[in-house]
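Structure assessment
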There are 2 protein chains.
Amino acid sequence: MIDDVLLAEVLRGGRVESRHAGAAIVTDGQGRIVFSAGDVEHPEFPRSAVKAMLALPLVETGAAERLGLDDAGLALACASHSGEPRHVEIAAAMLQKAGRDASSLECGTHWPTSRAASRALAAACAGPTALHNNCSGKHAGFICLACDQGEDPAGYVDPEHPAMRMVTAALADITGATLDERNRAVDGCSIPTYAIPLHALATGFARLGTGESLAPDRAAAARRLRAAVAADPFLVAGTNRFDTRIMNLFGERVFSKIGAEGIIAASLPGQGLGLAVKCRDGSARGAEAAMAALIARYLDPTGEEQAALHDLANPSLANWNGRIVGETRAALLRQE
Amino acid sequence: MIDDVLLAEVLRGGRVESRHAGAAIVTDGQGRIVFSAGDVEHPEFPRSAVKAMLALPLVETGAAERLGLDDAGLALACASHSGEPRHVEIAAAMLQKAGRDASSLECGTHWPTSRAASRALAAACAGPTALHNNCSGKHAGFICLACDQGEDPAGYVDPEHPAMRMVTAALADITGATLDERNRAVDGCSIPTYAIPLHALATGFARLGTGESLAPDRAAAARRLRAAVAADPFLVAGTNRFDTRIMNLFGERVFSKIGAEGIIAASLPGQGLGLAVKCRDGSARGAEAAMAALIARYLDPTGEEQAALHDLANPSLANWNGRIVGETRAALLRQE
């Protein structure tokens, strides 16, 4: 088994009911380790945590500007959105700017991950389209990139499609990781995902925050994407979601992005740091609690911000009658 | 940290992406250990896994018979149901037999755990009531018990309410565990839940399956409840749920019941065994995969049944385009 550390505990009535273990790391843009716990060299699938990195070619090539994508489109290109109405509208608008529509999306269709949005859709006697897929903004970005580059977007999810090759090259550059068929699998939305060390993921996030080690156009693209997300953090996730809450609190001081199966990464541009957490069992709650604790430690927040982060690191658990019956408690930094 | 063992792995593209650890045990009705892995003496909240045990007083007192509860009502008293229409109708019918209605339920209200049922409710311009709470059948059973015993059901969720005292005494008797304020917390539906060793939980499930060590009326009540669930396993869980699938396959040969936070227990009456698993991180998928593997080992299934259990222990993972991109793989019995 992997050498994991405790990330978070879930308590009920003061007794620990469940536990989340995993690994976590904080590095600078040179990959120098500031904090490390667990096996940070073990390859992990970054899944949707790297969406902003995958969106770099869309901006750095000038495609976004030529097509007239606005901040909202750029934020949605980085999003794992909840399928709420604004998310869906923006994804459709992105495709329209490329002269396309939802039929070009190759992400598959699912009901909105927001249960409230799903119910609202059902109440309107409607069903989901590929626009409701939590990755539709990322996919619309790939289609915009392909169209702008004069490529047929069909098959853009294939690792060998010209647009996906550009995207993969950007990810390899910013993380410094080797990405090839040996560490490749298929993501929920059908694009490739490559298992890379948490160490490389954090280093990439440090660079995403500072531009360090990146070509000037790539560094500028990273800045533009972070600013677009910070301008409207709802777009990158959704109502009550962790990434949205964090960036509503901190704006451009933190760029945080979760992926499926308990992986999450963040940039602290002011500190020049990248943070990454893998919750071994794939739970978001363990990864998020640990990430909030790391941000509290390394961001140097004010007292009020510290309190808000404490609540994100230690959310209380109410039952169906609204009675507080337990809490999640970040454990990561207790162990040092 | 607790001495856990690997229960299941989640693979993507042939590479392990996430892992579930925990503890598991198989015992007979005397508590003799047949199989054990991890710390099976560590207290765990059994949550909804013990609902059939909590329903024993309803049957053994004769309350169910006097009120005219049928098999469906008894099965629903043991259920963590998905809030599908039949579940809701049966909960309402149970309350009616006690001369009560949904306003007597103290479980709280939530949208059906089945997302399809939630959407259907929303599409009908309706909202959830306490009848949709996954515990409404259990609560309706408590109300029936209280009314039959001449008690005011109000406050039945309190540990000191006469009905809840009967329920708690039955749970203490069948598991042999001490249940008091020291190991008590509040469940999602507001009733008490008591942390007990997995060893005691499995022993209780062996007794639930055979009646061993139980008073004759209690043993008969256990038999009656198992038969009611086996007659219509949809009622104890719902569409595509693990417990429903298992009991659709095996009828009275297996009684399986999951609880929140990755706890699951089962009786194999023919073998005289009780099985219990706690997935440390609280995930159902890890607990279910390990339980399917244990059942495959100890039930002595036919070849066809073995194949069905293999699929439950090792479910494949399709992405949003229906492409198989990975699988969950039970790991528990690989480690011996």
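Another point: the overall build of chain A. A tally of regular secondary structure across chain A gives 13 helices and 12 strands. A compact globule built from 336 residues should have a C-alpha radius of gyration of about 20 Å, and chain A, at 19 Å, falls within 12% of that. By its C-alpha atoms, chain A is 60 × 50 × 40 Å across when sized along the principal axes. When each of the 336 residues of chain A is scored for burial, the buried share is 64%. Partitioning the intrachain contacts of chain A with sequence separation of at least 6 by distance along the chain shows that 65% fall at a separation of at least 24. A distance of 5 Å separates the average location of the 32 positive side-chain charges in chain A from that of its 39 negative side-chain charges.

Under the counting rule described, the total for this entry stands at 34 salt bridges over all chains. As a salt-bridge pair, Arg280(A) and Glu44(A) come within 3.0 Å of each other at their nearest N and O atoms. In this pair, Arg280(A) is assigned in the loop between strand E10 (273–279) and helix H12 (284–298) and Glu44(A) in strand E4 (residues 43–44), connecting sequence segments 236 residues apart. Measuring nitrogen to oxygen at the nearest pair gives 2.5 Å for the salt bridge that ties Arg165(B) to Glu160(B).

Take the packing of H12(A) against helix H13 (residues 303–313) of chain A next. Residue and element names in this part refer to chain A. Remark: H12 packs on H13, axes separated minimally by 7 Å, with the N-to-C direction vectors making an angle of 160 degrees. If you check the angle between H12 and H13, you find them roughly antiparallel. Of the two possible hands of crossing, H12 and H13 adopt the one that is left-handed. Facing Ala289, Ala292, Ala293, Ile295 and Ala296 of H12, the residues of H13 in contact are Gln306, Leu309, Leu312 and Ala313. A per-class count over the contact of H12 with H13 returns 8 nonpolar, 1 polar and no charged.

Below, the discussion takes up the confidence of the model for chain A. Of the residues in chain A, 99% reach a pLDDT of 70 or more, and the chain-wide mean stands at 97. As a predicted assembly, this complex carries a pTM of 0.97 together with an ipTM value of 0.96.

Overall, the coordinates contain 6 aromatic pairs over all chains when judged by the stated rule. Between Phe142(A) and Tyr156(A), the aromatic rings sit 6.2 Å apart at their centres with planes inclined by 55 degrees, giving tilted as the arrangement. Pair noted here: Phe142(A) is in helix H7 (residues 136–148) and Tyr156(A) is in the loop between H7 and helix H8 (162–175), with a separation of 14 residues, a long-range link. Per residue, the accessibility class of Phe142(A) equals that of Tyr156(A), and both read buried. Between Phe35(B) and Tyr298(B), the aromatic rings sit 6.5 Å apart at their centres with planes inclined by 50 degrees, giving tilted as the arrangement. In this pair, Phe35(B) sits in strand E3 (residues 33–37) while Tyr298(B) sits in helix H12 (residues 284–298), placing the two residues 263 residues apart along the sequence. Given a relative accessible area of 6%, Phe35(B) falls into the buried group. Residue Tyr298(B) is classed as buried on the basis of its relative accessible area, which comes to 16%.

What follows concerns the nonpolar core. Leu294(A) and Leu332(A) are the most contacted members of the largest nonpolar core, which totals 112 residues. With 10 residues, H12(A) is the single largest residue contributor to this core. Discounting chain neighbours no more than four positions away, the residues touching Leu294(A) are Ala24(A), Val26(A), Phe35(A), Leu275(A), Val277(A), Leu332(A) and Leu333(A). Counting 111 residues, the second-largest nonpolar core is a separate cluster that includes Ala130(B), Met247(B), Ala266(B) and Ala287(B).

Counting from both sides, the interface comprises 53 residues of chain B and, opposite them, 53 residues of chain A. Of the roughly 4,400 Å² buried between chain B and chain A on both sides combined, carbon and sulfur atoms contribute 51%. Counting across the interface, chain B meets chain A through 4 salt bridges. A salt bridge links Arg47(A) to Glu17(B); its shortest N-O distance comes to 3.0 Å. There are 34 residue pairs in polar contact (both at pLDDT 80 or more) connecting chain B and chain A. Breaking the side of chain B that touches chain A down by element, the ones donating at least two residues are strand E1 (5–12), strand E2 (15–28), helix H6 (115–123) and strand E5 (184–186) of chain B. No other element matches E2(B), which puts 6 residues into the side of chain B that touches chain A.

Attention now goes to the relation of the copies chain B and chain A. Turning chain B through 180 degrees and shifting it by 0.0 Å along the axis lays it on chain A, with an RMSD of 0.0 Å. Expressed as an axis order, the relation between the two copies is that of a two-fold axis. Judged by C-alpha distance, Ala123(B) is the residue of chain B that lies nearest the rotation axis, at 1.9 Å. Here 100% of the interface residues in chain B have copies in chain A that are interface residues too; the copies meet face to matching face.

This part covers the side chain of Arg207(B). Residue and element names in this part refer to chain B. Along the chain, Arg207 turns up in helix H9 (residues 198–210). Despite its burial, Arg207 pairs with no opposite charge, the nearest such side chain being Asp173 at 6.3 Å. Beyond its immediate stretch of four places on either side in the chain, Arg207 contacts Gly29, Asp173, Ile174, Thr175, Gly176, Glu212, Ser213 and Leu214.

The backbone of Glu261(A) shows a phi angle near 65 degrees, a positive value even though the residue is not glycine. Of note, the phi angle at Asp300(B) is positive, near 65 degrees, even though the residue is not glycine.

Once that is clear, we can look at the environment of Ala330(B). Residues and elements named next belong to chain B. Structurally, the position occupied by Ala330 is in strand E12 (residues 324–330). Overall, Ala330 belongs to the buried group, its relative accessible area being 13%. Separated by 131 residues in sequence, Ala330 and His199 place their C-alpha atoms 21 Å apart.

Moving on, we come to the pairing of E1(B). Two faces make up the sheet, and in a regular strand the side chains alternate between them. Residues and elements named next belong to chain B. The element E1 is extensively covered by neighbouring structure, given that 8 of its 8 residues are classed as buried. Note: E1 against E2, 7 bridges, orientation antiparallel. Looking at E2, one finds that Leu6 is bridged to Ala21.

Residue and element names in this part refer to chain B. Throughout the structure, instances matching the rule amount to 0 disulfides over all chains. As a non-bridged cysteine, Cys78 has Cys135 as the owner of its nearest cysteine sulfur, 12 Å distant. Cys78 sits in the buried class, given a relative accessible area of 0%. Not part of a disulfide, Cys147 finds its nearest cysteine sulfur in Cys144, a span of 7.0 Å.

Calculation rules
- Residues numbered from 1 in each chain as written.
- Chains lettered and ligands numbered in written order.
- Predicted model: local features only at pLDDT ≥ 70, side-chain atom pairs only at ≥ 80, totals over all residues.
- Heavy atoms only, no water.
- Helix = DSSP H or I, 4+ residues; strand = E, 2+ residues; numbered from the N terminus.
- Rg over C-alpha atoms; globule rule 2.2 N^0.38 Å.
- Buried < 20%, exposed > 50% of the residue type's maximum accessible area, 1.4 Å probe, protein only.
- Contact = heavy atoms within 4.5 Å.
- Lys, Arg positive; Asp, Glu negative; His and termini not counted.
- Charge placed at Lys NZ, Arg CZ, Asp CG, Glu CD.
- Salt bridge = Lys/Arg side-chain N within 4 Å of Asp/Glu carboxyl O.
- Axes fitted to C-alpha atoms, helices over the stretch in contact; angles between N-to-C directions.
- Parallel < 35°, antiparallel > 145°, perpendicular 65-115°, else oblique.
- Left-handed = near helix turned anticlockwise from the far one by under 90°.
- Nonpolar A, V, L, I, M, F, W, Y, C, P; charged D, E, K, R; others polar.
- pLDDT = per-residue confidence, 0-100.
- Phe/Tyr/Trp six-rings, centres within 6.5 Å; stacked < 30°, edge-to-face > 60°.
- Core = buried A, V, L, I, M, F, W, Y, C linked by side-chain atoms within 4.5 Å.
- Buried area = accessible area lost by both parts, 1.4 Å probe.
- Polar contact = N/O pair within 3.5 Å; in protein donor to acceptor, adjacent residues only side chain to side chain.
- Least-squares fit on C-alpha atoms with pLDDT ≥ 70 in both.
- Pairing = 2+ DSSP bridges.
- Disulfide = S-S within 2.5 Å.

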